[in-house]
Amino acid sequence: MATTNIITIDGPSGSGKGTVCHILAKKLQWNLLDSGALYRVLAFAALQQKIDLKDHQTLVKLALDLQVSFQSNGVGVDTLLSGNNIGDQLRTEIVADAASQIASIEVVRDALLARQKAFYQKPGLIADGRDMGTVVFPDATVKVFLDASAEERAQRRFNQLQEKGFSVSIAQILSEIKERDFRDRNRTVAPLRPAEDAFVIDSTCLTIDEVVEQILNLVAHKLNL
Ligand code: DC
């Protein structure tokens, strides 16, 4: 597999990774891998089929057989599982929690590896996740670790939920974020951490456009664009 023209963007949820990756993929006209969505689809399928999340071998089989595709719909991306659009159902707490459990199982992560690598297509790939630069694409051209303070990430999530009309407590969101951070950063398999050669960008006080600009500068410098 060619490992040129791959930008990996890892970081905790709420760091702005998803939005930044979509903008970059659009600007550069490169393919996009939302690896978190793969974990969520797998979790959704496992819940749907009532698979015990402790049954690692059945989860591995499910991961290898998963009929999933991502299709741009002009505004965003549709996630198709066996031909059905399940995008709306992936953001629930139940799916997030199951995805987080599944993501800590080494054999399941291994089963998703080839599928993630297959997202590379010319002219390039933007890979969004937790271990893109450390495990999946260790030879990527540019590796970014996008971070932000837990308080800022809680505030962003709070604003998003309020916009959608949900009444939520910011203290509750902050405590969930801290709990998830601890789990992601301390798990034994593919823990969330910057690759040694990653550029760490703290987006706490930056706008999305400023983050995108910093990454494009890094890419231009690396690829002599
Ligand atoms: O980014 P997200 O919230 O959609 O990710 C869903 C879950 O998958 C979350 O628990 C983190 C995990 N994940 C992971 O372990 N490795 C990745 N490369 C991407 C996501």
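Above this note sits the structure.
Residues numbered from 1 in each chain as written. Predicted model: local features only at pLDDT ≥ 70, side-chain atom pairs only at ≥ 80, totals over all residues. Heavy atoms only, no water.

Q: Can you tell me about the packing of helix H1 (residues 17–28) against helix H9 (residues 208–223), naming the residues and giving the values?
A: One can describe the packing of H1 onto H9 by two numbers: an axis separation of 10 Å at closest approach and a directional angle of 55°. Compared by their axis directions, H1 and H9 come out oblique. Considering the relative orientation of H1 and H9, their crossing is right-handed. Of the residues in H9, those in contact with Thr19, Val20, Ile23, Leu24, Lys27 and Leu28 of H1 are Ile208, Val211, Val212, Ile215 and Leu216. Partitioned by chemical class, the residues of the contact of H1 with H9 number 9 nonpolar, 1 polar and 1 charged. (Axes fitted to C-alpha atoms, helices over the stretch in contact; angles between N-to-C directions. Helix = DSSP H or I, 4+ residues; strand = E, 2+ residues; numbered from the N terminus. Parallel < 35°, antiparallel > 145°, perpendicular 65-115°, else oblique. Left-handed = near helix turned anticlockwise from the far one by under 90°. Contact = heavy atoms within 4.5 Å. Nonpolar A, V, L, I, M, F, W, Y, C, P; charged D, E, K, R; others polar.)

Q: Which residues make up the sheet that holds strand E8 (residues 199–202), and what are the values?
A: With parallel pairing, 5 strands are arranged side by side in an open sheet as E2-E6-E1-E7-E8. At either end of the open sheet lies a strand with only one pairing partner, and these are strand E2 (31–34) and E8. This sheet shows a mean twist of 20° between the axes of neighbouring strands, independent of strand direction. Looking at chain direction, strand E1 (residues 6–10) and strand E6 (residues 125–129) are connected through 5 bridges and run parallel. Bridging across to E6, Thr8 finds its partner in Ala127. (Pairing = 2+ DSSP bridges.)

Q: Hey, could you go over the packing of helix H7 (residues 150–163) against helix H8 (residues 170–186) for me, with residue numbers and the actual values?
A: The description of two helices packed together rests on the angle between their axes and the distance between the axes. For the pair H7 and H8, the least separation of the axes is 9 Å and the interaxial angle reads 125°. By the angle between their directions, the pair H7 and H8 is classed as oblique. Regarding H7 and H8, the two cross each other, and that crossing is right-handed. Residue-level inspection shows Ala150, Glu151, Arg153, Ala154, Gln155, Arg157, Phe158 and Leu161 of H7 in contact with H8, the latter providing Ile170, Ile173, Leu174, Ile177, Lys178, Asp181 and Arg185. Residues belonging to the contact of H7 with H8 are distributed by class as follows: 8 nonpolar, 1 polar and 6 charged.

Q: Hey, could you go over the packing of aromatic side chains for me, with residue numbers and the actual values?
A: Considering all chains together, one arrives at 1 aromatic pair under this definition. Each ring, one from Phe70 and one from Phe119, has its centre 6.1 Å from the other, and the planes form 50°; the classification is tilted. A residue pair is termed long-range when its members are at least 10 positions apart, and Phe70 in strand E3 (residues 68–72) and Phe119 in the loop between helix H5 (106–117) and E6 qualify at 49 residues. (Phe/Tyr/Trp six-rings, centres within 6.5 Å; stacked < 30°, edge-to-face > 60°.)

Q: I'd love a proper account of the sheet that holds strand E4 (residues 77–81), names of residues and values included.
A: Read across the sheet, 3 strands follow the order E3-E4-E5 without closing on themselves; strand pairing throughout is antiparallel. If you trace the sheet from one side to the other, it starts and ends with E3 and strand E5 (84–85), each paired once. Its contacts with the sheet put helix H2 (residues 35–48) on E3 and E4, and the angle it makes with E4 is roughly 40°.

Q: Outline unusual backbone geometry, supporting the account with residue identities and numerical values.
A: For residues besides glycine, phi is generally negative; the peptide bonds are generally trans as well. Put simply, Lys122 and Pro123 share a cis peptide bond, and its omega is 5°. You will see that Gln29, though not glycine, has its phi angle at about 60°, which is positive. By secondary structure assignment, the location of Gln29 is in the loop between H1 and E2. Overall, the relative accessible area of 59% leaves Gln29 in the exposed class. With phi around 55°, Lys50 is a residue other than glycine that occupies positive phi space. Mapped onto the fold, Lys50 is located in the loop between H2 and helix H3 (56–65). (Buried < 20%, exposed > 50% of the residue type's maximum accessible area, 1.4 Å probe, protein only.)

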